[in-house]
Amino acid sequence: YRSFQIAARHKESNRRNTMKPIRLRKPLEREIVVAILQLLDVKFKHFCWCRVEPASSVRARVNRGKPGTAWKVPEDAWSNGVADILGTGRASLYPAWNNHAIAFEVKRPGEQPRPSQLAFEKRWETAGGYYLIIHSPEEAMAAMKNWGLT
């Protein structure tokens, strides 16, 4: 009986102090990029991967707090339109993967690429590289498998 009273009091107190549901936020694009890079570094060691960060965001971080210097102008960045992740095969380890240039443009779900990114995609593919717009690490893995690079 004593344990029933304790349980009943506990249940009653929980009714008064109801918890609100947790709202999960969508991950930021840079968080998705980091997750994809970590996966690619582990799964595809025979490739050299790099993250391309817009010059304007680097300038904003360096000059944070200085008046008039932390604004962003996308058109002045050297990397305007360049994909977020670039990779190339390491020829000395796996000659079969030599000359495979890969570019992943990472977008949050529902976002569309900018015209400058579409222009980069056309230039990249014309030069013989692989290019794909992805939203998650799983999509990066599927792309590598579809391209026969696993």
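Residues numbered from 1 in each chain as written. Predicted model: local features only at pLDDT ≥ 70, side-chain atom pairs only at ≥ 80, totals over all residues. Heavy atoms only, no water.

Participant: For this particular structure, what's the right way to read the overall build of the protein chain?
Facilitator: The number of helices and strands found in the protein chain is five helices and four strands. The order of α-helices and β-strands along the protein chain, N terminus first, is α-α-β-α-β-β-α-β-α. Scored against the burial criterion, the 150 residues of the protein chain give a buried share of 30%. (Helix = DSSP H or I, 4+ residues; strand = E, 2+ residues; numbered from the N terminus. Buried < 20%, exposed > 50% of the residue type's maximum accessible area, 1.4 Å probe, protein only.)

Participant: Can you help me understand the packing of aromatic side chains in this one?
Facilitator: Two numbers describe a pair of aromatic rings. These are the distance of the centres and the angle of the planes. One pass over the full model with this rule turns up six aromatic pairs. Between Y130 and W147, the aromatic rings sit 4.8 Å apart at their centres with planes inclined by 25°, giving stacked as the arrangement. Of this pair, Y130 sits in strand 4 (residues 130-134) while W147 sits in the segment after helix 5 (137-146), placing them 17 residues apart in sequence. In this structure Y130 comes out as partly exposed when scored by relative accessible area, which is 24%. (Phe/Tyr/Trp six-rings, centres within 6.5 Å; stacked < 30°, edge-to-face > 60°.)

Participant: Sorry, what's going on with helix 2 (residues 29-43) here?
Facilitator: Residues lying three or four places apart along an α-helix face the same way, a consequence of the helix completing one turn every 3.6 residues. Given a rise of 1.5 Å per residue, 15 residues ought to cover 21 Å, and the 21 Å separating the end C-alpha atoms of helix 2 matches this to within 8%. Turning to helix 2, the residues buried within the fold contact strand 1 (47-51), strand 2 (85-89), strand 3 (101-106), strand 4 and helix 5. (Expected span 1.5 Å × (residues − 1). Contact = heavy atoms within 4.5 Å.)

Participant: Please explain the nonpolar core as it appears in this structure.
Facilitator: Within soluble globular proteins, side chains that are nonpolar tend to cluster in buried spots. Of all hydrophobic cores here, the largest spans 17 residues; its most connected members are I36, L40, W49, I85, F104 and M144. If you list the elements that add at least two residues to this core, you get helix 2, strand 1, strand 3 and helix 5. No other element matches the five residues that helix 2 contributes to this core. Apart from residues lying up to four places away in sequence, M144 is in contact with L40, F44, F47, W49, I102, F104, L149 and T150. Within the second largest apolar cluster, eight residues are counted, among which are V82, L86, A103 and F120. (Core = buried A, V, L, I, M, F, W, Y, C linked by side-chain atoms within 4.5 Å.)

Participant: How do you make sense of the environment of P115 when you look at a structure like this?
Facilitator: Tracing the chain through its elements places P115 in helix 4 (residues 115-126). Between the alpha carbons of P115 and G81 there is a distance of 7.8 Å; along the sequence they are 34 residues apart.

Participant: I'm lost on the sheet that holds strand 3 in this one. Help?
Facilitator: Two modes of strand pairing occur in sheets, parallel and antiparallel, and in both the strands are linked by backbone hydrogen bonds. Here we have four strands laid out as an open sheet, ordered 1-2-3-4, and mixed in their pairing. The open sheet has two edge strands with one neighbour each: strand 1 and strand 4. Across this sheet, the average inter-strand angle for adjacent strands is 15°, counted without regard to direction. Examined bridge by bridge, strand 3 and strand 4 share five bridges and lie parallel to one another. When the bridges of strand 4 are listed, E105 appears paired with I133. Against the sheet, helix 4 engages strand 2, strand 3 and strand 4, with an angle of about 150° to strand 4. (Pairing = 2+ DSSP bridges. Axes fitted to C-alpha atoms, helices over the stretch in contact; angles between N-to-C directions.)

Participant: Looking at this model, I keep getting lost on the confidence of the model for the protein chain. Mind explaining?
Facilitator: For residues with low pLDDT, the predicted coordinates do not support detailed interpretation. Of the residues in the protein chain, 61% reach a pLDDT of 70 or more, and the chain-wide mean stands at 75. Across the protein chain, the element-wise mean pLDDT spans from 47 in helix 1 (residues 2-16) up to 94 in strand 4. Low pLDDT (under 50) marks residues 1-9, which in the prediction has one contact with non-local residues, meaning those over four places away or in another chain. (pLDDT = per-residue confidence, 0-100.)

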